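Survey of secondary and tertiary structure
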Amino acid sequence: MIDLRSDTVTRPGEGMRAAMARADVGDDVYGEDPTVLALQERVADLLGHEAALFTPTGSLANLLALRSLVAVGQEVLCESSAHIARSELGAHAAYTGVTMRTWTHPRGEVDLDAVGGLFAPEMGPFFVATAAVSVENTHNFAGGAVQPLAGLQALRSWADQVGVGVHMDGARLWNAHVATGVPLAEYAAVADVLAVCLSKGLGAPVGSLVVGPADAVAEARVWRKRMGAGLRQVGVLAAAGLYALDHHLERLADDHAHARLLAEAVGVDPASVDTNIVVLERSDAGRFVAAAEAEGVRVSTVGPTTVRLVTHLDVSAEDARRAAGVLARL
């Protein structure tokens, strides 16, 4: 079975398992796990920020990052198909009292005119105030689209002018970096605080990080514990993240090439595929998914008429060619 449902389905290889098995560990709730500390320091340095905090999931990393910018009863503006709005089960409203308003862009990009039109300044106890704008890079439901750096930088300048924060969901920021060559720190510089994931394209079994200023990360540590996610000898998981950064970052280019191969097979312009995700519209999406699985290829629906294909570490070039043949026939 060739599994193209998500890049979260990868399994640790022997090298990663060995790194996990020999990890030096301590109690991370006390801040004493040396492998976690090394991972946090490395990721913060890669992204050009002061500090980072390991979390078990990307959704929790986004929750902690965003609540550092948006207080209870305030709002964040984001694109309408953003992961924080669509795929985190309303957690920001349910747990931290954050509301959202959205703009729409076919590639998930920042529409600064729309953002400016939505922006609500503090006007006393009558209206919800905008505290932050969230961007997603790469944008999952826009087919792994890379956000143009110039647009992100323009947002940063606007946010500074009006006094709001910028959050970045950088779960697949690694893919944007590899696809464009833009340094990770240059992308991350547009955000006050961001979240990055280790368990998607990088292939670790578990883990994301909140990245930002030291005070925001210290507050996130408290909230992580408050929400039941204080972990003890978690260096066994952090070791997988360190291994992934050493061995799985540059190879993301292979996933991008495989995605373009699949795109061509299903009638999507390969030039429109920036990274490792292909989205296609099918009126018979459910039947298409079932037919593909019957022929040994797993894909997923992400909407009533939308099918998603995602390449990753466990999909070889031969797997991609075979899946392309199956999908093209269907």
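Keep in mind that what you see is a predicted model, and the values were worked out from it rather than measured. (Residues numbered from 1 in each chain as written. Predicted model: local features only at pLDDT ≥ 70, side-chain atom pairs only at ≥ 80, totals over all residues. Heavy atoms only, no water.)

Comments concerning the nonpolar core
By size, the foremost hydrophobic cluster in this structure holds 52 residues, and its most contacted members are L39, L47, L173, W174, L194 and V196. Examining the composition of this core, we find that six residues originate from one element, helix 11 (residues 235-247), more than from any other. In this view, L173 contacts L47, N137, T138, M168, L184, Y187, L194 and V196; residues no more than four positions away in its chain are not counted. Listed in part, the 24 residues of the second largest apolar core include A263, A285, V297 and L327. (Core = buried A, V, L, I, M, F, W, Y, C linked by side-chain atoms within 4.5 Å. Buried < 20%, exposed > 50% of the residue type's maximum accessible area, 1.4 Å probe, protein only. Helix = DSSP H or I, 4+ residues; strand = E, 2+ residues; numbered from the N terminus. Contact = heavy atoms within 4.5 Å.)

Side note on the pattern of salt bridges
Counted by the stated rule, this structure contains 16 salt bridges. With a closest N to O distance of 2.9 Å, D160 and R156 form a salt bridge. A residue pair is termed a helical-turn pair when its members lie 3 or 4 positions apart in one helix, as D160 and R156 do in helix 7 (residues 149-162) at four residues. Overall, R156 belongs to the buried group, its relative accessible area being 14%. (Salt bridge = Lys/Arg side-chain N within 4 Å of Asp/Glu carboxyl O.)

Examining helix 10 (residues 214-226)
Residues that lie three or four places apart on an α-helix share one face, since the helix turns once every 3.6 residues. The terminal C-alpha atoms of helix 10, which comprises 13 residues, lie 19 Å apart, in line with the 18 Å expected from a rise of 1.5 Å per residue. Residues of helix 10 that are buried sit in contact with strand 2 (51-55), helix 3 (58-67) and strand 8 (208-212). Directly beyond the C-terminal end of helix 10, a positive phi value near 85 degrees is found at G228. (Expected span 1.5 Å × (residues − 1).)

Some remarks on the packing of aromatic side chains
For the structure on display, the rule yields one aromatic pair. Aromatic side chains F119 and W158 sit 5.5 Å apart centroid to centroid with 85 degrees between the ring planes, which places their arrangement in the edge-to-face category. Of the two residues, F119 sits in the loop between helix 6 (112-118) and strand 5 (130-136) while W158 sits in helix 7, which places them 39 residues apart along the sequence. Geometry around F141 places R86 over its ring, the cationic atom sitting 4.3 Å from the centre. Above the plane of the ring of W223 lies R226, whose end atom (NZ or CZ) is 4.7 Å from the centre. (Phe/Tyr/Trp six-rings, centres within 6.5 Å; stacked < 30°, edge-to-face > 60°. Lys NZ or Arg CZ within 6 Å of the ring centre and 35° of its normal.)

Observations regarding unusual backbone geometry
The step from N137 to T138 runs through a cis peptide bond, and the omega angle for that step is 0 degrees. Positioned with a positive phi, L89 is a non-glycine residue whose angle comes to about 55 degrees. Looking at where L89 falls in the secondary structure, it is placed in the loop between helix 4 (83-86) and helix 5 (91-96). Residue L89 is classed as exposed on the basis of its relative accessible area of 86%.

Brief notes about the sheet that holds strand 9 (residues 277-281)
With respect to topology, three strands assemble into an open sheet ordered 9-12-11, the strand pairing being antiparallel. Either end of the sheet is taken by a strand with one partner, and the two such strands are strand 9 and strand 11 (300-303). Each strand axis lies, on average, 35 degrees off the axis of its neighbour in the sheet, ignoring direction. Summarising the sheet, strand 9 and strand 12 (residues 306-310) pair through five bridges and their orientation is antiparallel. Of the residues in strand 12, the one forming a bridge with L280 is V307. (Pairing = 2+ DSSP bridges. Axes fitted to C-alpha atoms, helices over the stretch in contact; angles between N-to-C directions.)

Observations concerning a nonpolar patch on the surface
A contiguous nonpolar patch, built from M123, F126 and F127 and spanning about 390 Å² of accessible area, is present on the exposed surface. Inspection of the secondary structure assignment puts F126 in the loop between helix 6 and strand 5. (Patch = residues over 30% accessible without salt bridge, like charges linked within 9 Å, V, L, I, M, F, W, Y side chains within 5 Å. Areas by Shrake-Rupley, 256 points an atom, 1.4 Å probe, with all protein chains shown as cover.)

As for the packing of helix 1 (residues 14-21) against helix 11
A packed helix pair is summarised by two numbers, namely the angle formed by the two axes and the spacing between the axes. For the pair helix 1 and helix 11, the least separation of the axes is 8 Å and the interaxial angle reads 140 degrees. In terms of axis orientation, helix 1 runs oblique to helix 11. The interaxial crossing formed by helix 1 with helix 11 has right-handed handedness. Residues G15, M16, A19 and M20 of helix 1 lie in contact with helix 11, whose contacting residues are V236, L237, A239, A240, Y243 and A244. Of the residues in the contact of helix 1 with helix 11, the class split is nine nonpolar, one polar and no charged. (Parallel < 35°, antiparallel > 145°, perpendicular 65-115°, else oblique. Left-handed = near helix turned anticlockwise from the far one by under 90°. Nonpolar A, V, L, I, M, F, W, Y, C, P; charged D, E, K, R; others polar.)

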